[in-house]
Structure formats: structure tokens, C-alpha cells
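Observations on the three-dimensional arrangement
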Amino acid sequence: MLTTMYTTLGRIWPWFRKVTKLGMYQFMAKIHQKKSWSFMNYGYAPLEEGAETLPLDQADEPNRYCIQLYHHVAGAVDLRGKRVLEVGSGRGGGADYVQRYLKPYTMVGVDYSARAVELSNRHYGAHRVGLAYVPGDAEVLPFDDNSFDAVINVESSHCYRAMDVFLAEVARILRPGGHFLFADFRSGDQLTDLDAQLRRSGLVERSRQDITPNVVRALDIDHARKQSQIQENAPWWITTLFAQFAGLKGSRIYRQFQDRALIYMRFVLQKAA
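Residues numbered from 1 in each chain as written. Predicted model: local features only at pLDDT ≥ 70, side-chain atom pairs only at ≥ 80, totals over all residues. Heavy atoms only, no water.

1. Thoughts on the sheet that holds strand β1 (residues 83-87)
What counts is decided by this rule: Being paired, for any two strands, means DSSP has found at least two bridges between them. In DSSP terms, a helix is any run of H or I states spanning at least four residues, a strand is any run of E spanning at least two, and both are numbered starting from the N terminus. A fitted line through C-alpha atoms serves as each axis, taken over the contacting stretch for helices, and the angle formed by two N-to-C directions is quoted from 0 to 180°. The contact criterion used throughout is that any non-hydrogen atoms of two residues lie within 4.5 Å.
As summarised here, the arrangement of the seven strands in space is β3-β2-β1-β4-β5-β7-β6, forming an open sheet in which the pairing is mixed. At either end of the open sheet lies a strand with only one pairing partner, and these are β3 (131-135) and β6 (204-210). Each strand of the sheet is rotated relative to its neighbour by a mean of 15 degrees, with strand direction disregarded. Of the strand pairs in this sheet, β1 and strand β2 (residues 106-111) are connected by five bridges, and their pairing is parallel. Bridge assignment links valine 84 to a residue of β2, and that residue is methionine 107. Relative to β3, helix α5 (residues 114-123) is tilted by about 165 degrees, and along the sheet it contacts β2 and β3.

Set out below in C-alpha cells:
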């Protein structure tokens, strides 16, 4: 009931959703600072039998399904030698993966949670040239016009107050010909709104894919690991909330993906040359 009430209030008052999400991410960065929890997405798993396995270092294997979502989104274009920004970089694992495996010239992560930014720099940015994390609002990005060759945004935009404003910022900071690599979920009526928002942005859609079944498959496979992490690391009084947040089997959001009340989409868009 509380989850339904929160979702309803967030749709009525987008500012409420944005402020409460910030508070939640600040809280999570404070109570759990281990490097082992570096991803917060629902993951991606191929559905085809015999699909090629993404090669990963052994240290990255525990986060395979979360990493596979990043690879499916960011690997849609060649990022080698490019200047890349991730908006909504969270606990830093996604930008770290992109920088190590996809070899951009520079990789910057920006996030609304100052504590998450500090955590990301401590775990990753402080130890590697070409990778940095900075605090910033997705709707007022702290970068000059035409600064980046690609912008990545994974499972973050549903928290924003104004999607149109965010997309205008993406178009502003992208260089001509640059790509916007974007994935997130919406309900059916919200997908219609999202299509209109993307058209208004002036960015040219190059491809789209409904990856909801892939996300559900990843949640199924990764259930035990996530459940174990929550039980071992979350305070007892908040484990139920964390289970909902993580999309564990039986949670409201898991059922919504299963029933297709929520649709998870992946887009590749491009700024005109």
C-alpha cells in the first residue's frame, strides 16, 4: 500500500519524487559504503539459447547482469577515444565498467547525490586517469555546450522532475553527431509521453528495443545474490523496502515487469551533425 501511495504521489507531484529519491540515495550511500555494491540497475540477460557470453574479468562476475545492461546500452556505438558522460552515475560501477572495457578518452559520471559521488570517487575516480565523478542535477548539467561525444543514461530518468528539461540539456551538451544512449522503464501511458518528449528534443532516433523480458530474466537469475546482499548488509528494519527497490521476485516492481504494466526500453538517439 505504501509503495502504491508513493508511486501515485510521485506522478502527481514530480518534485516530490525527485526530492524523496535524492534522500533515499543519500541514505543508501551513507549506510552502505562497500565497493561490492556498485550497481543499482535491474540487469539484462540474453534470451537466445547459445548467445555469446560477455567476457568479463573474474572480479566483475558478481555484477554480471547489471554490467550486461550497461554493455547493451553503452555498447550500441563505438565509444573508443570519445568523451563520454553518464548522467545518473549512482554508486559508480557503470561508468567504471564503460571506462575500463569500452575505452573512451574520458569518462565522467554526474549524480544528484553528493554522497554517491564521493563514494564513486573514493572507489574508482581517485585511482584512474580519465575517470571522474562530479555532483550535478540532470536538469541543470554543469557542462559547456557541445562537450561530449556520447551521453549515457541508465535507469535514472524516471526519478526526474521534468524529462523535457533533461533532454534539452542532453541536446545542449552533445557535440553535433553525438549519441544519447538511454534505457529506462515507463508504464504504458507514460511511454506515449516519452515518445512525444523524445520527438520534441530534436534528437534523431536511430533504434529502440523493448528489453522487458531480458530484464525479468536477469531479475530471476540474479535473485539469490541480491537477496543475500540485502540480508547481509541492510538494517533489519529496512530489508523489505530494499527488496522492493531491488526488484526481488514477488516485489511489486517485479510483478509489474512480468505483467507488462511497466515496459523497459532501450534507445539510441543522435544529435544532428
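2. Some words on the pattern of salt bridges
Filter applied, for reference: We define a salt bridge as a contact between a side-chain nitrogen of Lys or Arg and a carboxyl oxygen of Asp or Glu at a distance within 4 Å.
Scanning the model with the defined rule gives 17 salt bridges in all. In this structure, the salt-bridge partner of arginine 100 is aspartate 60, at a minimum N-O distance of 2.9 Å. Linking arginine 100 in helix α4 (residues 93-102) with aspartate 60 in the loop between α2 (14-31) and α3 (64-74), this pair joins segments that are 40 residues apart in sequence. Via salt bridges that share partners, Asp57, Asp60, Asp96, Arg100 and Arg128 belong to a single interconnected network.

3. Observations regarding the environment of arginine 206
Convention followed: We define a polar contact as two N or O atoms separated by no more than 3.5 Å, with the added condition that, inside protein, one atom must be a possible hydrogen donor and the other a possible acceptor, whereas residues neighbouring each other in sequence contribute only through side-chain atom pairs.
Examined against the element boundaries, arginine 206 turns out to sit in strand β6. Each C-alpha atom, one on arginine 206 and one on phenylalanine 180, is 9.9 Å from the other, the two residues being 26 residues apart in sequence. In this structure arginine 206 touches Val268, Leu269 and Gln270, once residues within four positions along its chain are discounted. Among the polar contacts made by the side chain of arginine 206, one reaches the side chain of glutamine 270 at a distance of 2.8 Å.

4. Quick look at the side chain of arginine 266
Our working definition: Here's how the labels work: a residue is buried when its accessible area is under 20% of the maximum for its type, exposed when over 50%, partly exposed in between, all with a 1.4 Å probe on protein chains only. Neither His nor the chain ends contribute to the count of charged residues, in which Lys and Arg are positive and Asp and Glu negative.
Inspection of the secondary structure puts arginine 266 in strand β7 (residues 262-270). Buried and without a salt bridge, arginine 266 has glutamate 205 as its closest oppositely charged side chain, separated by 8.8 Å. A distance of 3.0 Å separates a polar atom in the side chain of arginine 266 from a polar atom in the side chain of serine 207. Excluding residues within four positions of it along the chain, arginine 266 makes contact with His72, Val73, Ala76, Phe182, Ala183, Ser207, Arg208, Gln209 and Ile211.

5. Concerning the environment of proline 213
Position of proline 213 among the secondary structure elements: in helix α8 (residues 212-221). C-alpha of proline 213 to C-alpha of proline 46: the two residues are 167 residues apart in sequence and 9.0 Å apart in space. Not counting residues up to four positions away in its chain, the partners in contact with proline 213 are Leu47 and Arg260.

6. Side note on the nonpolar core
Rules: To qualify as a nonpolar core, a set must consist of buried Ala, Val, Leu, Ile, Met, Phe, Trp, Tyr and Cys residues joined through side-chain atoms within 4.5 Å.
Formed by 39 residues in total, the largest nonpolar core has its most connected members in Tyr42, Leu79, Val98, Ile152, Phe257 and Tyr264. Those elements that provide at least two residues to this core are α3, α4, β3, β4 (148-154), β5 (174-187), α8, α11 (252-259) and β7. Broken down by element, the residue count for this core peaks at six residues, all from α3.

7. Thoughts on the pairing of β1
Under the convention used in this document: Here a crossover is taken to be right-handed if, once the strands point away from the viewer, the path from the first strand over the helix to the second is traced clockwise.
Burial analysis of β1 places four of its five residues in the buried class, the great majority of the element. Between the parallel pair β1 and β2, the chain is carried across by α4, and the sense of this crossover is right-handed. The sheet contact formed by β1 and β4 spans three bridges and is parallel. Counterpart to valine 84 in the pairing with β4 is alanine 150.

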